[in-house]
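Each chain, letter by letter, is given below.
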Amino acid sequence: MSKIVRTIANLATPFIFMFGLYVIIHGHITPGGGFQGGAVFASGIALLIVAFNAEKVQNYLKESHLSVIESSGALMFIGLAFAGICVTFFYNILIGSPLFGQIPPEGSNPGFIWSAGVIPLMNVAVGLKVIAGLSGIVLVMALVSSNVRIDE
């Protein structure tokens, strides 16, 4: 790729990553969530692969690391689901706590981020899983299409 494409990719990628994280974190009060934010974040990885070549990105983004991130997201999600099992599966244990679950006052409360309990944490877990999964898929597809040996 040309120097212009690489420069624009260097400039745009941090903003794409930040927007993806924003969509994950604010998924319970805005349209979005873990899957959508993870897909946005993985599109930043795809931009890096297009701009800098899959082999170069593979040096920084190992498949074993992606596997650990994806498994961590799954374990976090399962742990949060089972955390309230004494009441019911997927019970929102943090609602009503001073840090994560203040019940909002009556009426319209746009952007009241601390009103969802474990839902933002579940969005983070899903986001980790989607980021790692989609990034791994895009990386493997790019490596296979360029006929490069895939190291684990």
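Above this text is the structure in question.
As a starting point, this report considers the structure included with it. (Residues numbered from 1 in each chain as written. Predicted model: local features only at pLDDT ≥ 70, side-chain atom pairs only at ≥ 80, totals over all residues. Heavy atoms only, no water.)

## Description of the overall build of the protein
Phase 1 of the analysis: Secondary structure summary: the protein contains five helices and zero strands in total.
Phase 2 of the analysis: Here the protein holds 152 residues, and 31% of them are scored as buried.
Phase 3 of the analysis: In the protein, the proportion of contacts linking residues at least 24 apart, taken out of those at least 6 apart, comes to 69%. (Helix = DSSP H or I, 4+ residues; strand = E, 2+ residues; numbered from the N terminus. Buried < 20%, exposed > 50% of the residue type's maximum accessible area, 1.4 Å probe, protein only. Contact = heavy atoms within 4.5 Å.)

## A closer look at helix α1 (residues 3-25)
Phase 1 of the analysis: With 23 residues, α1 should reach 33 Å at 1.5 Å per residue; the first-to-last C-alpha distance of 34 Å fits that figure.
Phase 2 of the analysis: Most pronounced at Ala 12, the bend in α1 amounts to some 30°, and the proline Pro 14 follows within four residues.
Phase 3 of the analysis: All buried positions along α1 are accounted for by Ala 9, Thr 13, Phe 17, Gly 20, Val 23 and Ile 24.
Phase 4 of the analysis: As for α1, its buried residues are in contact with α2 (34-52) and α5 (119-145). (Expected span 1.5 Å × (residues − 1). Bend = angle between axes of the 7 residues up to and from the residue.)

## Overview of the packing of aromatic side chains
For any pair of aromatic rings, the description rests on two quantities: the centre-to-centre distance and the angle between the ring planes.
Phase 1 of the analysis: In the structure shown here, the tally under the stated rule is five aromatic pairs.
Phase 2 of the analysis: Ring plane angle 25° and centroid distance 6.2 Å describe the contact between Phe 19 and Tyr 22, whose orientation is recorded as stacked. Remark: Tyr 22 and Phe 19 occur in helix α1; sequence separation between them is three residues, near one turn of the helix.
Phase 3 of the analysis: Among the aromatic residues, ring-to-ring pairing joins Phe 77, Phe 82, Phe 89 and Phe 90 into one connected group. (Phe/Tyr/Trp six-rings, centres within 6.5 Å; stacked < 30°, edge-to-face > 60°.)

All quantities given are derived from atomic positions and should not be read as evidence of function.
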